[in-house]
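Topology and contacts: notes
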Amino acid sequence: MTECLFYLDPYLKESIATVQAVKQRDGIVKLTLDRTIFYPEGGGQPSDRGIIRGEGFKIKVEKVYGKDEIWHEGKLEGRLPKVGEEVKLELDWEWRYENMKQHTGQHILSAILKKLYGLHTTGFQIFKEYNKIEVDGELNWEMITQVELEANRIIREAIPVKVEEFKYLSEEILHTLRKHVSKVTDRIRIVTIGDIDRTPCGGTHVKNTGEVGFIKVLRFYRKDRKLWRIEFVAGNRVIKYLNNLLADYWESLDEMPNKNRPLVERVRELKSEIEKLEEEKKALRLKLWDWKAKALLKESEEVKGTKIVGTVEKLDMKDAQAFVVYLVDKNPNTIALVVGRNYVILAKNRGVEGVSMRELLREVLEETGGSGGGSEVLAKGGGFKVEPEKVLEIAKKKLKHLL
Ligand SMILES: [Zn+2]
């Protein structure tokens, strides 16, 4: 059983403890102590970080977990600690203190969401850069603005945050809790913020709402049919997050041909310009295809009233197919044989009767190897081990024979 010093005093940044158990694997050491200032992950709050130091070793603690027995995991420098040895614990205070602000910020937000709109908080998680809470109802920007204003008013009022431990909860206390508690099995910690909020919680909190500094909602959205998600930041993470966001905004705006605000209008301008260019590209491509088709038809062979167009292409297969389909659709009595790097496309005008492209492909592949398939009017193949020119020659020969 590890004594949880972070509950007795969440502001404890250093402590002395005795090693209870040690495990080691691949340079990572895990140990339990008789007491600890390191909060283990749980209740949406991430685990603490810091240093455990002893005579001749140092552990960079990256993960802390467990309930009755708390394990501290991290990279070991120096010799392995021994059971019974005294060690010094040093908390990454900046990390923990910010987490305390985020966590207390969540209590404030959840209380207001319930008070103003009857929304219940069903989930909470602190991430490295922001936090999320989930509520059981719809949200809009007007509601969010009201919640933010009220939350920051409570912060400015510097209301004490009280944490008490109970073995038994009276009807009177049970009645005032934000979260429903069915029964107390062991002991329960109740966090009270003035007359704003009272809820059971096992995390670490600041002792006064003023320390939260500021709360800013970043965005909200529907998570599923029942739940909505709110992303927010508190404390110094507000400044860090907004500065990253603003840097992204201004740099993006700087990249624009027109640098006037707002960015969304510049993006829309650019999008409509791209659409216009796409249209022009499409028109130019059709013009090019017309010229190309004309040139190929000029060189085509005519067998029993059917024009055979054959060419070796540099285009990729997708573009080549688009061109071939265009060519045969526009020109009656035409069959086109197009061979590129490792592909062959055989296409005919729908009016051409008596010859199937699928059948023709099968005969070509018999001689060239490879695989493929298709329909009566369009067939594609690939994977042959013969040069494109040779494939074209074989296809022409087979087609003339079929005609
Ligand atoms: Zn809490």
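Note that the structure is predicted; figures quoted are calculated from it, not measured.

What counts and how
- Within any chain, residue numbers begin from 1 and follow the written order of that chain's sequence.
- Local features in this predicted model are restricted to residues whose pLDDT is 70 or higher, and side-chain atom pairs enter the listing and the counts only when it is 80 or higher, whereas totals over whole chains, interfaces and linings include all residues.
- As a convention, hydrogens and water are excluded, and side-chain values are obtained from all of the structure's heavy atoms.
- Excluding any residue in a salt bridge, patches collect residues exceeding 30% relative accessible area, merging like charges within 9 Å and nonpolar Val, Leu, Ile, Met, Phe, Trp and Tyr side chains within 5 Å.
- All accessibility values rest on the Shrake-Rupley procedure with a 1.4 Å probe; residue burial counts only the protein chains present in the view.
- Any Lys or Arg side-chain nitrogen found within 4 Å of a carboxyl oxygen on Asp or Glu counts as a salt bridge.
- His is not counted, nor are the chain ends, whereas Lys and Arg count as positive and Asp and Glu as negative.
- All charge positions are set by atom: Lys at NZ, Arg at CZ, Asp at CG, Glu at CD.
- Strands here are runs of E lasting at least two residues and helices are runs of H or I lasting at least four, both read from the DSSP assignment and numbered beginning at the N terminus.
- Partly exposed describes any residue whose relative accessible area lies between the buried limit of under 20% and the exposed limit of over 50%, with all areas from a 1.4 Å probe on protein chains only and scaled to the type maximum.
- Coordinating donors are taken to be N, O and S atoms lying within 2.8 Å of the metal, or within 3.2 Å when the metal is Na, K or Ca; because water is excluded from the atom set, some sites may appear incomplete.
- For four-coordinate sites, all angles between 85 and 135 degrees define a tetrahedron; for four- and six-coordinate sites, opposite donors beyond 155 degrees with the remaining angles between 65 and 115 define square planar and octahedral shapes respectively, and all other cases count as irregular.
- Two strands are said to pair when DSSP picks up at least two bridges between them.
- Fitting a line to C-alpha atoms yields each axis, with helices limited to the stretch in contact; the angle taken between N-to-C directions then spans 0 to 180 degrees.
- What counts as a ring pair is set by centres within 6.5 Å for rings of Phe, Tyr and Trp (its six-membered ring), and what kind of pair is set by the plane angle: stacked under 30 degrees, edge-to-face over 60, tilted for all other angles.
- Distance and angle both matter: a charge sits over a ring if NZ of Lys or CZ of Arg is within 6 Å of the ring centre and within 35 degrees of the ring normal.
- Contact between two residues is taken to exist if any of their heavy atoms lie within 4.5 Å; hydrogens are not considered.
- A helix's residues, less one, multiplied by 1.5 Å, set its expected span.
- Within 3.5 Å is the distance limit for a polar contact, defined as a pair of N or O atoms, with the added protein rule that one can donate a hydrogen and the other accept it, and that residues adjacent in sequence qualify only through two side-chain atoms.

Things to note about a negative patch on the surface
Taken together, D248, E251, D254 and E255 make up a surface patch of like negative charges. Among the secondary structure elements, D254 is positioned in helix α5 (residues 236-255). Looking at D254, the relative accessible area reads 51%, which means it is exposed.

Side note on the coordination of the zinc ion
By definition of the ideal shapes, a tetrahedral metal site with four donors has angles of 109.5 degrees and an octahedral site with six donors has angles of 90 or 180 degrees. Here the zinc ion is held by H103 (NE2), H107 (NE2), C201 (SG) and H205 (NE2), and the distances to it run 2.0 to 2.2 Å. Classification of the site at the zinc ion as tetrahedral follows from its four donor atoms and the range of 95 to 122° in their angles at the metal. In primary-sequence terms, the residues that donate to the zinc ion follow H-x3-H-x93-C-x3-H. Pair noted here: H103 is in helix α2 (residues 93-117) and C201 is in the loop between β13 (197-200) and β14 (215-222), with a separation of 98 residues, a long-range link.

With respect to a positive patch on the surface
Where like charges cluster on the molecular surface, the positive patch consists of K281, K282, R285 and K318. Looking at the positive patch, the element that brings in the most residues is helix α6 (residues 263-298), giving three residues. By secondary structure assignment, the location of K282 is in helix α6.

So, the pattern of salt bridges
Throughout the structure, instances matching the rule amount to 30 salt bridges. For R153, the salt bridge identified is with E157, shortest N-O distance 2.4 Å. Taking the relative accessible area as the measure of exposure, R153 reaches 32% and is therefore partly exposed. For E157, a relative accessible area of 46% corresponds to the partly exposed category. R266 is the salt-bridge partner of E265, the closest N and O atoms lying 3.9 Å from each other. Taken together, the shared-partner salt bridges connect E14, R53, K88 and E90 into one network.

Description of unusual backbone geometry
Here the residue pair R261 and P262 is connected by a cis peptide bond, since its omega of -10° sits within 30 degrees of zero. Mapping P262 onto the fold places it in the loop between α5 and α6. Phi angles above zero are rare outside glycine, and D26 is one such case at about 50°. Relative to the elements of secondary structure, D26 occurs in the loop between β2 (14-25) and β3 (28-33). The residue N342 is not glycine, and still its phi comes out positive at about 65°. Within the secondary structure layout, N342 lies in the loop between β18 (334-340) and β19 (343-348). According to the relative accessible area criterion, N342 is partly exposed, its value standing at 47%.

Some remarks on the sheet that holds strand β7 (residues 71-78)
Read around the barrel, six strands follow the order β2-β3-β7-β6-β5-β8 and close on themselves; strand pairing throughout is antiparallel. Sheet twist, expressed as the mean angle between neighbouring strand axes with direction ignored, is 45°. Relative to β7, strand β6 (residues 57-65) is paired through eight bridges, and the arrangement is antiparallel. Within β7, the residue paired with K63 across the bridge is E73.

Things to note about the packing of aromatic side chains
A full pass over the atoms with the stated rule returns eleven aromatic pairs. Between the aromatic rings of Y11 and W93, the centroid separation amounts to 5.9 Å while the plane-to-plane angle is 45°, which identifies the pairing as tilted. Of the two residues, Y11 sits in the loop between α1 (5-8) and β2 while W93 sits in helix α2, which places them 82 residues apart along the sequence. These aromatic residues form a ring-pair network of at least three members: F6, Y7 and Y39. Sitting over the face of the ring of W95, R49 holds its NZ or CZ atom 3.6 Å from the ring centroid. If you follow K207 out to its NZ or CZ, it ends over the ring of Y11, 4.2 Å from the centre.

Some details on the sheet that holds strand β12 (residues 188-193)
Strand order in the open sheet formed by three strands is β11-β12-β13, and the pairing between neighbours is antiparallel. In the strand order of this sheet, the two ends are held by β11 (161-166) and β13, each with one partner. Going from strand to strand, the sheet's axes swing by 20° on average, the running direction of each strand aside. Alignment of β11 against β12, held across six bridges, turns out to be antiparallel. Of the residues in β12, the one forming a bridge with V163 is V191. Packed on one face of the sheet, α2 meets β11, β12 and β13 and runs near 70° to β12.

Regarding helix α8 (residues 357-368)
Between its terminal C-alpha atoms α8 stretches 16 Å, which fits the 16 Å expected from twelve residues at 1.5 Å a residue. Turning to α8, its buried residues number three or more, namely M357, L360, L361, E363, V364, L365 and T368. On its buried side, α8 packs onto β18, β19, β20 (371-374), β21 (378-382) and α9 (388-402). A distance of 3.2 Å separates the backbone nitrogen of R358 from a side-chain oxygen at the start of α8, and that oxygen is part of S356. Positive phi appears at G369, one or two residues downstream of α8, with a value of about 80°.

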